[in-house]
Each structure stands twice: as C-alpha cells, then as structure tokens.
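If you want the building blocks of each chain, they are given just below.
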2 protein chains.
Amino acid sequence: MESTDLRKAGLKVTHPRMRILEILENLDGKHVTAEDIYRELLEHQDDIGLATVYRVLTQFEAAGLVLKHNFEGGQAVYELDRGKHHDHMIDVESGKVIEFTSEEIERLQREVAERHGYQIEDHSLVLYVRPRKKN
Amino acid sequence: MESTDLRKAGLKVTHPRMRILEILENLDGKHVTAEDIYRELLEHQDDIGLATVYRVLTQFEAAGLVLKHNFEGGQAVYELDRGKHHDHMIDVESGKVIEFTSEEIERLQREVAERHGYQIEDHSLVLYVRPRKKN
DNA sequence: TTGGTTGCAAACGGTTTGCAGTTGC
DNA sequence: GCAACTGCAAACCGTTTGCAACCAA
C-alpha cells in the first residue's frame, strides 16, 4: 500500500497521509484509536495535529482504505481494510481483540434479514468473551 | 413493573424513577434516547433534569432493569429488559429498529468462541438492512 | 498558481460530575 | 434525622470545524 492508493482515492500525497498509512500497515491485525496514532507520530517527532489524524482517518474510511469500529461506546478504533471481511471477539479480561469469520453465521444473517423482507447492507457482530473455565 | 422493582434493586422510590419507568413501559419495543425521555417528561410538566434521566438510566441498567445499546456511534438508546434476549436489525432507510432472535446464530457464536478457547460473556449483533429490491 | 491540506484553537454534542438543597424512609 | 436523591451548571472527552498559513501538482 502506497502513494498510488492515495492518488487512486483522489487524495494528494502528503506527509501526514503517508505516515498514517505506514503506521496502519505496521499493525498486523491490531486496532488503534486516533490518539494511538497521534502519540506514535509524536514519538517520531512528526509534527502532525490530532485534528489531521481524524481528518485523514475519515478520508481513508470514505476511500475504503480503512475500517472504523465503535466497540463499547468509547473511542472509535481503526484498522486497514485488507479486503477479507471478519468479525471481532473481545477478551474482556485482557482487552485483546480476536478476528474471526463464519460463513455460516453470515448465511443465517442473510436468511433472517430476508425473512423480514430486507437485504443486508452491513452488519456488526462483536462477541465479548472470557477465557474458558477449565471446570 | 412497579415500585417493588425499584426497592428490589436497592433504589428509593422517587418520582423521577417512577416516571421514567412508566415511560419505558409504554414503549412496547421502541428504543429511546435519554433526551427522548427528557422531552417526554417536559411535555408532561415533570420538572426532572436531563442529568437525572442519565443517572436513573445508568442505575436501571446496573440493576438489570434496562438494556443500553450503542448503535452507530451517536446517542445511546435504551429499552426495558423484558427478559427475552434478542438482536437488532436497523432499516437504514427509515431508521426503524426490528428485533429478532436466532437460536442457531447464538449456537454458532458459542461454537466460534469455544473454538478459540473462550466463553461468551455478552455479544452485540446489529444488521443494517434495506428493504429488499424486487428485481 | 491555486485548490487541497494542515495546525491550532475553539466549538460541538452526548454524557458525567460537584455541589447545595430536597426527600424518602 | 440522615443518607439517598435531585436540579443546575460546569466539566468532560472524543471528535469536528473555522481559519489563516502552507504546499503538492
């Protein structure tokens, strides 16, 4: 992912955008808040404002480059959209986020929607989990 | 649902609490924001502050009397917890919220969690839907 | 050259909180 | 009587916006 992706999205290739894209790429699977990115930038002496981080993330989302999630009504978290859809499981003890997919669940969702005369536009499935007891 | 429920929850039976409980009861299935309740109270000349509405809803949630949902990062919406678990489908055109249940989806969720060594504590499933095209 | 982009500070909107006065029990 | 509760206004916190300076094309 590089400057081409930005141009394709009709966005000028600027330092803030490239740096934020880089940071998102080096996350493999982790999810970050706007502030996480902002702090990371500060640590590397990049003089990029928090407002810019928000603006860039919003543009990236609109361009289909990143996904935004609103887990448990606090801060929004972002991740690069690598194309393969997945849902999330959050370990409530450690805060760890696990990604998973289930074609069967997807199918049942479509079925339920259809049964009500609808078609699915989007969906959000989050499991809040706890390490299994070994009783 | 009445004063008994409040006492059971260790809450004093006050006018604000009773009124808010009443309003929640007369919703059958609809979902309201704190402001919705506040406006409803104003219309009936109840002199109850918005802060109180928030405090009462938070207490009701902790007491297991109401459910709070954070659909699409705006305002939180509340509904009375009538015991039977359900998920939500939101018609993105009209904003209408439809409740549904699917024991099969629930089962698959438990399976997925188990497969990762977890047990489900809670979950949130929201389908954003659109009336089916008659192609 | 110029329109998109940026940093800053101020505004925003939903929610929470400190406090002094009030009320249920 | 006294702890629980309330209304009000101010604080909070994540996010957005107005604006003048800046810079990619």
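In the nomenclature of an unreviewed UniProt entry, chain A corresponds to Ferric uptake regulation protein from the organism Dokdonella immobilis. The UniProt entry for chain A carries this comment under Subcellular location (unreviewed entry): "Cytoplasm". Listed under Sequence similarities (unreviewed entry) in UniProt, the entry text for chain A is "Belongs to the Fur family."

Visitor: How would you explain the pairing of strand S4 (residues 97-100) of chain A if you had to name every residue and give the values?
Guide: Residues and elements named next belong to chain A. Burial of the side chains of S4 is restricted to one face: Ile 98 and Phe 100 are buried, whereas none of Val 97 and Glu 99 on the reverse face is. Across 4 bridges, strand S3 (residues 87-91) lies against S4 in antiparallel orientation. Each bridged residue has a counterpart across the sheet, and for Ile 90 the counterpart in S4 is Val 97. Count of turn residues in the S3/S4 antiparallel hairpin: 5 residues, of which Gly 95 carries a positive phi of about 80 degrees.

Visitor: So, the packing of helix H2 (residues 15-25) of chain B against helix H4 (residues 50-62) of chain B: which residues are in play, and what are the values?
Guide: Residue and element names in this part refer to chain B. Two elements in contact, H2 and H4, have axes whose closest approach is 10 Å; the angle formed by their N-to-C orientations is 70 degrees. Classed by the angle they form, the pair H2 and H4 counts as roughly perpendicular. When H2 is examined against H4, the residues Pro 16, Arg 17, Ile 20, Leu 21 and Leu 24 are found in contact with a partner set consisting of Thr 52, Val 53, Val 56, Leu 57, Gln 59 and Phe 60.

What counts, and at which threshold
- Residues numbered from 1 in each chain as written.
- Chains lettered and ligands numbered in written order.
- Predicted model: local features only at pLDDT ≥ 70, side-chain atom pairs only at ≥ 80, totals over all residues.
- Heavy atoms only, no water.
- UniProt positions renumbered as here; feature names shortened; annotations may be inferred.
- Buried < 20%, exposed > 50% of the residue type's maximum accessible area, 1.4 Å probe, protein only.
- Helix = DSSP H or I, 4+ residues; strand = E, 2+ residues; numbered from the N terminus.
- Pairing = 2+ DSSP bridges.
- Axes fitted to C-alpha atoms, helices over the stretch in contact; angles between N-to-C directions.
- Parallel < 35°, antiparallel > 145°, perpendicular 65-115°, else oblique.
- Contact = heavy atoms within 4.5 Å.

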